[in-house]
Amino acid sequence: MSTGTEGDILCFFINGKKVTENHADPETMLLSFLRQKLRLTGTKSGCGGGGCGACTVMVSRYQPATKTIIHFSANACLLPLCQLHGAAITTVEGIGSTKTRIHPVQERIAKAHGSQCGFCTPGMVMAMYALLRNKPQPSMEDITNALAGNLCRCTGYRPIVDGCRTFCQEANCCRVSGNGNGCLNGGSPADEAVHESPQLFDKEEFLPLDPTQELIFPPELILMTEKDNPQTLTFHGERISWVSPVSLEELVQLKTRNPKAPLVMGNTNIGPDIKFKGVLHPLIISPTRVKELFEVTHTPKGVWLGAGCTLAEVRSLLEKKVPQFPEEKTELFRALIQQLGNLGSQQIRNVASLGGQIISAYPNSDLNPVLAAGKCKVSVISNGGRREVPLNQDFFVGFCKTALKPEEVIVSVFIPFSRKGEFVRVFRQAPRKETSFATVTTGMRVFFCEGSRVVQDVSIYYGGMAATTVSATKTCAAIVTRPWDDETLGRAYDVLLDELVLPPSAPGGKVEFRRSLSLSFLFKFNLEVLQKLREMNVIKDELSERMQIRPLPRDIQPGLQEFQHVSKGQSSQDPVGRPMMHRSAISQATGEAVYCDDMPTTDGELFLSVVTSARAHAKITGLDVSEALRLPGVVDVITSKDIPGKKVQTMFGYPDELLAQSEVSCIGQMVCAVVADTREHAKRGAAAVKISYEDLPDPVFTIEEAVEKSSFYEPRRTLERGNVSEAFKTVDQIYEGGIQMGGQEHFYMETQSMLVVPVGEETEFNLYVSTQWPTLTQDVVCETLGIPSNRVTCHVKRIGGAFGGKLSKTSILASITAVAAWKTNRAVRCVLERGEDMLITGGRHPVLGKYKVGLMKDGRIVAADFQYYSNAGNTVDESLPVVEKMILHMDTAYNIPNLRGSGAACRTNLPSNTAFRGFGVPQSLLIVENMIEDVAMLLGRPADQIRDINMYKGPSVTHYKFEFSPENLLRCWDECKIKAEFSARRRAADQFNQQNRWKKRGVSIIPIKYGVAFADSFLNQAAALVHIYKDGSVLVTHAGTEMGQGIHTKMQQVASRELHIPPSKIYISETSTNTVPNTCPSAASFGTDANGMAVLNACQTLYQRLKPMRERNPKGSWEKWVNDAFFEKISLSATGFYRGPDLYFDWDKMEGLPYAYFVYGACCSEVELDCLTGDYRTLRTDIVVDIGRSLNPSVDIGQIEGAFMQGLGLYTMEELKFSPSGLLYTRGPSQYKIPAVCDVPLRFNVHLLSDTDNPHAIYSSKGIGEPVLFLGSSVFFAIKDAAAAARSESGLVGPFTLNSPATPERACLACSSPFTQKIPASKPGSFKPWALDI
Ligand SMILES: Cc1cc2nc3c(=O)[nH]c(=O)nc-3n(C[C@H](O)[C@H](O)[C@H](O)COP(=O)(O)OP(=O)(O)OC[C@H]3O[C@@H](n4cnc5c(N)ncnc54)[C@H](O)[C@@H]3O)c2cc1C
Ligand code: FES
Ligand code: FES
């Protein structure tokens, strides 16, 4: 063993190039090494904890024993650099680039329109690439598995899946080619008529996949690995040392000497602990080169698997074993395979080890319950020798604790064969179907005497029901020796309920749900065991079809994307109206696209890390930065005192401090910031700052508390049409109800990022910021520094997603960073970590909606009175206009003659909420549609009929006296019913519900009418600057920022049409305040409308200037005309301007013209719900939208699908949880679940309404960024419909409360099954809940 403090040399390959690292730091992960050291910035950082897949790379290793090379995907953020000795890493840059040749995966994802903001794209590419390296012709299941751990917040996944599907050889690929027809393999399209419709992409263009073109594994590494005498490696970093032994004996010695040192295998437990919990291990032992930990041996009783085997290896080993043995022997193997398929993502399973999973002893570990139930054991070794330890209730002793001694090492794990008459099953329920820790998970085993239903042995273990894996021992005792029948099981449920009690304030919450899941799983086990006993002829009675539970369907089918051909007369060169690929999609897919944090560091650059308040409402009594300043690399600490200009911004008359001075009003409020030479040093410095507080009384967290204490931001708003109070006196029935709707985290994949570079003279700065509103950032920075706007230029190349979250908070963060740059006179970069971003920046407002509705027996709603309360948080931010937009939209598609609504923004001690796609409309409309559903339930009529009856018809006037024609709303509605085959599917769902006791289907159809543009008229303006260079190339700049919505692509199309040149001659470099000043935000779905007109204006000016040249030389080329113009001294540069509509709203008169026009649409969704677990699957979604004449159908359909999926997340999955003291628990993808590939509707059809015009926007198009988000609620209401069917089985009819999001927890409890009914509800107020109901 080499021991010197010098450390060894680490040797590995990246993209075919050898890397030797003399000073490998054990704290460095591959991701930061790639990005910061090698400047390979294609690999992105989205979470740092294995939860988003943005950092996916492929790892290849040579296996000397089998002389084979293995390839697997992995998360670079959790791969310790020191573990890479001998590995070959392939990053997105290594597989293709625009400079050489792009790889087919890169090409197909890009050309199938699977890249919008592009931040997730390299990760998607690499996950798919690693799959193809192992399986060049994968199945659809392989593809969805490979992508399950990769999150995308923009696309809604459908186009990514479609791009990847082109590699797959399954029969259903015959229907894929951009609009669901055609076949890459030359199959004939099923439907000729469909074939004629235009397609989103042309499969004929795609490069074939040629596996022989891939990088070979470096021969040098094969030689190195085959060397007889591998050496122990040691590496020493600033705080941690790393030892990688090569023999078991050495490992045991090391562990004996250093019992506290962790063994790092997959680093999926230790890594997040170090990163997120600040745990420091001075020594790490990495036994990944100890052969004995990977050995697999067989005995007549089962198989010993090396504890070092990864979970993916375990799965594949077991899969190979299953066919080799009789079915009865492999019950446990199959149960493990099933559970392994659901555990984590492919990237996690590829590195996480079996031993690591056992020792981590998570309370909701997926494997431990089944290993324990299956009577597995581990063989452990220490200085004292070897011993075998059973994995049972005595092994898992507490939260993340086992009975092993600290110095003991698990060498292998024994998985026994099952016996005849023995059955093993696993069940799990998680907040998201895939890549999500389970809420409750279980392993159950029962053994019967031959030919008998008498139980000889049974073991049941649960995860998620206590601090560790627990055995339901008493329940088992109630079953064993008894016949497996209703009587025994009936008793077992009661014993289980008494045995696994969760206190009402148990960590993790969801107490009733978890308890009911424990019962439901036992019930499901019961059904499966009965079936087995039937198959064995032990019992005779047949289980009725109705009582059976089959898994939810999961195969994603090709969808249909229907749009219009351009008119026959349109020039083939004119790209407007055609599905043109996002102009950066290819460079996004190759990793060459540059995002803010991809910019190279400048000389002397510093990193800024913010320090936030740990109290919700307190006085700051002390700020001690001395320890931070003493730490290595720390340069300065920035406090409010350092701000040379305005320390407080004012919004709507309310102050917003950049850095808290004397008082804090939420956990997460920024107090000061540490600048240091590296990110790690800045973070350590921030952690060392000590703030002392004196708590102030009565923090307000929930809307109810705020209403009680009248804690509001003023003004509150009210609108009324007709006379609501009078109308209530005339109606047949009055009903009062309400719904609570949770907030939403933006979860843009690129976190808040900025770089401020002092130019060096006259207080001039260049700001590179990921912001939707460069001018706001410029303004706030200048005010903060006390300098004029002409000293600061804000540059935005592209944004990795924004959704409203990169407006106000970004400008504040940029200002703090600018103060640091000003004070230190050095460039300063600030990139928030995912957890910080989620904690600090707020999101969509949670809203409580209450209503009173007056209806007639025939279904007409005559009067409705709404009250909206939003949880605004500790500053006003955009909360007041959000409330206004809620009220302006409350009529939605319905003509309710007497309609009143009032809204208030509640001031609370939570992080301030802000703008978010839809800006209050998604909340407002959910409440209205919930009212409609209540009315339908009261009258016992289908909800779509109530919608039909009350919908606007004929020439109409909104509740704020705005005249419009609902013709296209009705067209969308009717067409959606037809396209979705609504009536037939409604009937089929009803029939399904009669035939199934435990699964129900729900169908819902929802309309939308959405106002586009800003009610603040001054925001409806835009400018552009267009240069034509002498060589004929054109540079366009405009006010909009590219955040994935494709605005630059559309502007390129506009310029192409107006200048009559191909898009390839037009370039858009960035958005910057020195080219186009005084810009408005890219928001309100108005970016293309406004900037398109400005670009059009500039281009028309230029084209006009070229007229003399064209007339003189009509056959000349563009280049010739341009060149002639230059020599004739004609300006080839022009600005364009658009003075948008003069919109306004008068709140006193309750009237105005707040929108330029409406976007209309309708959406029908169908779900299948497992009533016992709340698990659901969206079977099909059909959307019809009127977006006028689409400028770019692929971009617009991309916006529609992405917004729908974001809405689906909002209404059914995404849950922010706060502690009783106001701390956000959900600070990363592990706790906060946005939709993943598994959540895409199995059939997802989008139709753009044909033959529609819009005189109010460019080329008759319409803005589409926001409107469709609300249509995600069709899934919510389909779940509610299914739950209503389940409730009717228990005799429950009429309106019921289902709050949003309709998570599995809420859906399951709403179903009110016999099991949920068994759970005693805890009395509110008798306990302190784990999480607040904000
Ligand atoms: C994003 C993400 C998603 C996940 N999803 C799930 C999920 O759905 N379900 C689930 O059950 N788990 C899930 N996990 C947890 C994951 O399965 C475990 O973290 C993993 O199995 C631990 O293995 P490892 O090799 O990475 O452990 P490491 O982090 O390398 O080590 C963990 C611990 O095990 C000890 N250890 C490792 N090997 C041995 C050995 N041979 N002998 C003694 N001690 C040993 C180490 O000392 C250390 O204390 C997830 C993790 C992540 C990051
Ligand atoms: S950054 Fe690695 S998984 Fe998210
Ligand atoms: S394109 Fe996937 S996150 Fe933006």
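Residues numbered from 1 in each chain as written. Chains lettered and ligands numbered in written order. Predicted model: local features only at pLDDT ≥ 70, side-chain atom pairs only at ≥ 80, totals over all residues. Heavy atoms only, no water.

Caption draft 1: Representation of the overall build of the chain. On a plain count of helices and strands, the chain comes out with 39 helices and 50 strands. Referenced to the eigenvectors of the C-alpha coordinate spread, the extents of the chain come out at roughly 90 × 80 × 75 Å. In the chain, which comprises 1334 residues, the proportion classed as buried is 64%. Intrachain contacts of the chain at a sequence separation of at least 6 include 77% that bridge at least 24 residues. Once the 140 positive and 141 negative side-chain charges of the chain are each reduced to a mean point, those two points are 2 Å apart. (Helix = DSSP H or I, 4+ residues; strand = E, 2+ residues; numbered from the N terminus. Buried < 20%, exposed > 50% of the residue type's maximum accessible area, 1.4 Å probe, protein only. Contact = heavy atoms within 4.5 Å. Lys, Arg positive; Asp, Glu negative; His and termini not counted. Charge placed at Lys NZ, Arg CZ, Asp CG, Glu CD.)

Caption draft 2: Layout of the sheet that holds strand β8 (residues 283-285). What the three strands build is an open sheet, ordered β6-β7-β8; its pairing is mixed. Unpaired on one side and paired on the other, β6 (233-236) and β8 mark the two borders of the sheet. In this sheet, neighbouring strand axes are inclined to one another by 15 degrees on average, regardless of whether the strands run parallel or antiparallel. Direction of pairing for β6 relative to strand β7 (residues 241-244): antiparallel, over a ladder of four bridges. When the sheet's bridge partners are listed, Thr-234 is paired in β7 with Val-243. (Pairing = 2+ DSSP bridges. Axes fitted to C-alpha atoms, helices over the stretch in contact; angles between N-to-C directions.)

Caption draft 3: Examining helix α24 (residues 774-785) more closely. Taking 1.5 Å of rise per residue, 12 residues should cover 16 Å, and α24 covers 16 Å from first to last C-alpha, within 8% of that figure. Each element contacted by the buried residues of α24 is listed here: β24 (648-651), β32 (765-769), β33 (792-796), α25 (808-824) and β44 (1071-1072). Phi for Gly-786, located one or two positions after α24, is positive at around 70 degrees. (Expected span 1.5 Å × (residues − 1).)

Caption draft 4: Representation of the side chain of Thr-155 within the structure. Position of Thr-155 among the secondary structure elements: in the loop between α5 (140-147) and α6 (158-165). Take Thr-155: its relative accessible area is 0%, and that puts it in the buried class. Looking at Thr-155, its side chain comes within polar contact range of the main-chain nitrogen of Tyr-157, at 2.9 Å. Setting aside anything within four residues of it in sequence, one finds Thr-155 in contact with Gly-114, Ser-115, Gln-116, Ile-160, Gly-1198, Glu-1201 and Gly-1202. (Polar contact = N/O pair within 3.5 Å; in protein donor to acceptor, adjacent residues only side chain to side chain.)

Caption draft 5: Fine view of the site of ligand 1. Within the structure, ligand 1 sits among 32 residues, and Leu-263, Met-265, Thr-268, Ser-353 and Asp-366 are positioned closest to it. Within the backbone of Leu-263, an N or O atom sits 2.8 Å from an oxygen atom of ligand 1. Contacts to ligand 1 include Ile-270, whose backbone N or O atom sits 2.9 Å from an oxygen atom. Contact with the protein chains hides 95% of the accessible area of ligand 1, taken as 990 Å² for the molecule alone. Among the secondary structure elements, those contributing two or more residues to the shell around ligand 1 are α14 (354-360) and β15 (409-416). In terms of residue count, the dominant contributor to the shell around ligand 1 is α14 (five residues). Residues of the shell around ligand 1, tallied by class, amount to 15 nonpolar, 14 polar and three charged. (Near = heavy atom within 4 Å. Areas by Shrake-Rupley, 256 points an atom, 1.4 Å probe, with all protein chains shown as cover. Nonpolar A, V, L, I, M, F, W, Y, C, P; charged D, E, K, R; others polar.)

Caption draft 6: Quick peek at the pairing of strand β45 (residues 1133-1139). In β45, alternate side chains face the same way, and those of Ala-1134, Gly-1136 and Tyr-1138 are buried while those of Ser-1133, Thr-1135, Phe-1137 and Arg-1139 on the opposite face are not. In this structure, strand β41 (residues 1021-1028) lies alongside β45, joined through seven bridges in antiparallel fashion. What sits directly across from Leu-1025, in β45, is Thr-1135.

Caption draft 7: Focus on the nonpolar core. With 225 residues, the main nonpolar core has Phe-866, Met-931 and Phe-1204 as its most contacted residues. Residues in contact with Phe-866, not counting those within four places in the same chain, are Lys-850, Tyr-851, Met-890, Leu-899, Arg-900, Gly-901, Ser-902, Ile-927, Val-928 and Met-931. In terms of nonpolar packing, the next biggest core, distinct from the first, is built from 72 residues, Ile-89, Leu-233, Val-314 and Val-380 among them. (Core = buried A, V, L, I, M, F, W, Y, C linked by side-chain atoms within 4.5 Å.)

Caption draft 8: Quick look at the sheet that holds strand β23 (residues 634-638). Across the sheet, eight strands lie side by side as β23-β27-β21-β34-β31-β32-β33-β44; this open sheet has mixed pairing. What marks the edges here is a single partner per strand, and that holds for β23 and β44. Summarising the sheet, strand β21 (residues 606-612) and strand β27 (residues 670-676) pair through six bridges and their orientation is antiparallel. If you follow Val-610 over to β27, its bridge partner there is Ala-673. Against the sheet, α24 touches β32, β33 and β44, its axis set at about 150 degrees to β33. Of the strands in this sheet, β21, β23, β27, β31 (753-758), β32 and β34 (828-831) are in contact with α25, which crosses β31 at around 30 degrees.

Caption draft 9: Spotlight on the side chain of Ser-360. Take Ser-360: it is sitting in helix α14. In this structure the side chain of Ser-360 is engaged in a polar contact, spanning 2.6 Å, whose partner is the backbone oxygen of Gly-356.

Caption draft 10: Region of interest: the pattern of salt bridges. Under the definition given, this model contains 82 salt bridges. Notably, a salt bridge pairs Arg-387 with Glu-408, separated by 2.7 Å at the nearest N-O pair. A residue pair is termed long-range when its members are at least 10 positions apart, and Arg-387 in strand β12 (residues 385-390) and Glu-408 in the loop between β14 (401-402) and β15 qualify at 21 residues. The exposure class assigned to Arg-387 is partly exposed, which follows from its relative accessible area of 33%. On the basis of relative accessible area, Glu-408 is assigned to the buried category, the value being 7%. Note that Arg-1180 and Asp-1182 form a salt bridge whose closest N and O atoms lie 2.7 Å from each other. (Salt bridge = Lys/Arg side-chain N within 4 Å of Asp/Glu carboxyl O.)

Caption draft 11: Seen up close, the environment of Trp-1121. Note that Trp-1121 resides in helix α35 (residues 1118-1127). Looking at Trp-1121, the relative accessible area reads 12%, which means it is buried. In the structure, Trp-1121 is positioned 15 residues away from Leu-1106 in sequence and 6.7 Å away in space, judged by C-alpha atoms. Contacts of Trp-1121, omitting those with residues within four sequence positions, involve Leu-1106, Met-1109, Arg-1110, Asn-1113, Pro-1114 and Gly-1116.

Caption draft 12: Spotlight on the packing of aromatic side chains. On inspection of all chains with the given rule, the structure shows 33 aromatic pairs. Between Tyr-952 and Phe-964, the ring centres sit 4.9 Å apart and the planes meet at 85 degrees, which makes this aromatic pair edge-to-face. With a gap of 12 residues between them, Tyr-952 in the loop between α29 (943-950) and β38 (956-957) and Phe-964 in strand β39 (residues 963-964) connect regions that are remote in the sequence. Assigned by exposure class, Tyr-952 and Phe-964 land together as buried. Here the aromatic cluster, defined as three or more aromatic residues joined through ring pairs, consists of Tyr-952, Tyr-960, Phe-962, Phe-964, Phe-1145, Trp-1147, Phe-1158 and Tyr-1160. It is Lys-377 that lies over the ring of Phe-414; its NZ or CZ is 5.1 Å from the centre. It is Lys-433 that lies over the ring of Tyr-1176; its NZ or CZ is 4.5 Å from the centre. (Phe/Tyr/Trp six-rings, centres within 6.5 Å; stacked < 30°, edge-to-face > 60°. Lys NZ or Arg CZ within 6 Å of the ring centre and 35° of its normal.)

Caption draft 13: Just the packing of helix α36 (residues 1193-1212) against helix α37 (residues 1273-1289), in detail. Between α36 and α37, whose axes approach to 7 Å, the crossing angle comes to 40 degrees. One way to sum up the angle between α36 and α37 is to call them oblique. Between α36, through Phe-1204, Leu-1208, Tyr-1211 and Thr-1212, and α37, the contact on the second element is made entirely by Ser-1273, Ser-1274, Val-1275, Phe-1276 and Ile-1279. A per-class count over the contact of α36 with α37 returns six nonpolar, three polar and no charged. (Parallel < 35°, antiparallel > 145°, perpendicular 65-115°, else oblique.)

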